[in-house]
Amino acid sequence: MGKQYLPNLAHKDEMLKEIGFDSIDELFSDVPKEVMHEFNLPEGKSEYEVFLEMNQILDKNKTVLEMPSFLGAGTYFHYVPAHVKYLIERSEFLTAYTPYQAEISQGMLQALFEYQSLIAELVGLEIVNASMYDWGTALGEAALMAARVTKKNKFVVPKHISPEKKRVLETYVAGAGMEIVYVDWNEKGQIDLEKLKESVENSAGVYIEMPNFFGLIEENIVEVGEIAHDSKALFVVGVDPTILGIVEAPGELGADVVIGEAAFFGNPMNFGGPRAGIFATRNDKKLIRQMPGRVIGMTKDADGKRAFVMTLQTREQHIRRAKATSNICSNEALVAVAAAIHLASLGPQGLRKLGEVILKNTAYFKKRIKEVAELPFDGINFKDVLVQFDVPYDVIHECLLERNIHGGFYLKPHFPELGESALFAVTETTRKEWIESLIVALKEIIAEAGL
């Protein structure tokens, strides 16, 4: 079965001869013998049999509605209105690839232009690209851009950033020979300004997040920006855009570059991806020429009608090759369009309401979790809350899973100085009864541990 579907099988010997080989074994002779073996594959199945088998496998999964999850640290359960999925499934939008042919891609180009315009208004900066791969790669690109603009090789970031973002950042800058300097947090779980001042000299950029990795809203963002600018470094702010209905836009706080995660709007968690990274800069030619990624512009065609194009392409890899401002070969177009549809649906009032509900739910969660654990840092949290236990958290987490609850993100492997701690997250989707079930389960688990 199956051989009749292999194209050109009758011409196998002819094709081998054409490329200078006598046999298939000779073609693959470079593959080490120790890694070659026969696969014990089952017999072929019909499409319906495969469908049934795949569904049996998928039945092992549990959704966040079947198993309440408090696992945040960068991926969150947000509600996505049904119309968002309906609209992005239109065939005109169903591509992740860059619309190079403007004359036949006006709809997609306009949708991405709308995405850029919405994000620009949201973050308070004028120039936005048509998305990066995700927040982590946007951070790596921001560091490289800062080095190109300032001709300096040091980039300063808080010690308390996501371990995944840290790895992506270090991978991105390794080839450019950049140095990453990490600044410790203070007793409030926020960046230590005195240590920042000691680290910032001769740096290309200073990075901070709203809220920070511990879920805390940093209180000294303006001061951090002033410290960066006094040292002639770019001020880069990473933002969770779902907070921007209730706090001032980072552009208004002095940011030169704003990055973040657009996929928090309009996109489900999808096991962590795909995502769409936000990347915005001030309207400064020096910055625009060095920013990475695609930029969609609005213009007029030969008949004077409104038209959309990819603009400033001489920065990009398909023209400048090795001298391009970034190596992003495509953008997450569909994810960005979904984010734009959701944002347009929310509007300013909906965005403010979303932020208020998340803030209220987070405050309620903090109040309840104090019944069973310690909160080492005092401040205002948004989504994530750092929680410390006397019992090893990996044990607690396993016990929670047995009770059909997904707990928080274990921090000790990444921040051992925080002890048995975890990041628990809530959003607008978190139900009061889920928090009640978590608190009851934690009390039982801690009691069973004899504490």
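Please refer to the structure higher up on the page.
Numbering of residues starts from 1 in every chain and runs along the sequence as written. Where totals are concerned, whole chains, interfaces and linings use all residues; where local detail is concerned, this predicted model gives features only for residues with pLDDT of at least 70, and gives and counts side-chain atom pairs only at 80 or more. Hydrogen atoms and water are omitted, and side-chain values are computed over all heavy atoms in the structure.

Chemist: Would you explain a positive patch on the surface in this entry?
Modeler: Candidate patch residues must exceed 30% relative accessible area and have no salt bridge, after which like charges are joined if within 9 Å and Val, Leu, Ile, Met, Phe, Trp or Tyr side chains if within 5 Å. Every accessible area reported is derived by Shrake-Rupley at a probe size of 1.4 Å, with residue values counting cover from the shown protein chains alone. Salt-bridge detection follows one rule: a side-chain nitrogen of Lys or Arg within 4 Å of a carboxyl oxygen of Asp or Glu. Positive charges are assigned to Lys and Arg, negative charges to Asp and Glu, while His and the chain termini are left out of the count. Think of each charge as sitting on NZ of Lys, CZ of Arg, CG of Asp or CD of Glu. A contiguous patch of positive charge on the surface is contributed by Lys353, Lys360, Lys367 and Lys432. Counting residues per element, the positive patch draws most heavily on helix α12 (residues 333-369), at 3 residues. Take Lys353: it is sitting in helix α12. Helix and strand assignments come from DSSP, with helices taken as H or I runs of at least 4 residues and strands as E runs of at least 2, each series counted from the N terminus.

Chemist: Help me understand the pattern of salt bridges, please; the structure alone is not making it clear to me.
Modeler: A side chain with one charge may pair with a side chain of the opposite charge, provided their charged atoms come close. Scanning the entire structure with this criterion turns up 19 salt bridges. In this structure, a network of salt bridges that share partners links the residues Arg368, Glu371, Glu436 and Lys443.

Chemist: I keep staring at the packing of aromatic side chains and nothing clicks. Help me out?
Modeler: Stacked, tilted and edge-to-face are the three classes assigned to paired rings of Phe, Tyr and Trp, where Trp is represented by its six-membered ring and a pair needs centres within 6.5 Å; plane angles under 30 degrees give stacked, over 60 edge-to-face, the rest tilted. Tallying each qualifying case throughout the model produces 17 aromatic pairs. Arranged with centres 6.1 Å apart and planes meeting at 25°, the rings of Phe365 and Phe424 form a pair that is stacked. With Phe365 in helix α12 and Phe424 in strand β12 (residues 421-425), the pair connects residues that are 59 residues apart, well separated along the chain. We classify Phe365 as buried; its relative accessible area is 0%. Relative accessibility under 20% of the residue-type maximum defines a buried residue, over 50% an exposed one, and the middle range a partly exposed one, all with a 1.4 Å probe and only protein chains included.

Chemist: Got a minute to help me understand helix α6 (residues 135-150) in this structure?
Modeler: An α-helix turns once per 3.6 residues; consequently, residues spaced three or four apart project the same way. An expected span of 1.5 Å times one less than the residue number is assigned to each helix. Given a rise of 1.5 Å per residue, 16 residues ought to cover 22 Å, and the 22 Å separating the end C-alpha atoms of α6 matches this to within 8%. In terms of residue burial, α6 counts as a mostly covered element, since 15 of its 16 residues are buried. Of the residues flanking the start of α6, the one acting as N-cap is Asp134, its side-chain oxygen 3.2 Å from the backbone nitrogen of Gly136. At the exit of α6 stands Lys151, carrying a positive phi of roughly 60°. Polar contact is defined as a pair of N or O atoms within 3.5 Å, subject to the rule that within protein one atom must be able to donate a hydrogen and the other to accept it, and that residues adjacent in sequence are counted only when both atoms are side-chain atoms.

Chemist: For this particular structure, what's the right way to read helix α13 (residues 393-402)?
Modeler: When α13 is considered as a whole, its buried residues turn out to be Tyr393, Ile396, His397, Cys399 and Leu400. Seen from one end, α13 has its buried residues packed into an arc of 165°, which puts them on one side. Should any heavy atoms of two residues lie within 4.5 Å, those residues are counted as being in contact. In this fold, the buried residues of α13 make contact with β11 (409-410), β12 and α14 (432-448). Immediately beyond the C-terminal end of α13, within one or two residues, lies Asn404, with a positive phi of roughly 65°. Summarising the geometry, the arc corresponds to the directions from the helix axis toward the C-beta atoms.

Chemist: Just to check I follow, could you spell out the pairing of strand β6 (residues 257-261) for this structure?
Modeler: It is a general feature of regular strands that their side chains alternate between the two faces of the sheet. Counting buried residues along β6, 5 of its 5 residues qualify, which places the element largely inside the surrounding structure. The two faces of β6 match: Val257, Ile259 and Glu261 on one face and Val258 and Gly260 on the other face are all buried. Note on pairing: DSSP must find at least two bridges between two strands before they are called paired. Pairing analysis gives 4 bridges linking strand β5 (residues 234-239) to β6, with the strands arranged parallel. When the bridges of β6 are listed, Val239 appears paired with Gly260. Pairing analysis gives 5 bridges linking β6 to strand β7 (residues 277-281), with the strands arranged antiparallel. Bridge pairing in β7 places Val257 opposite Thr281.

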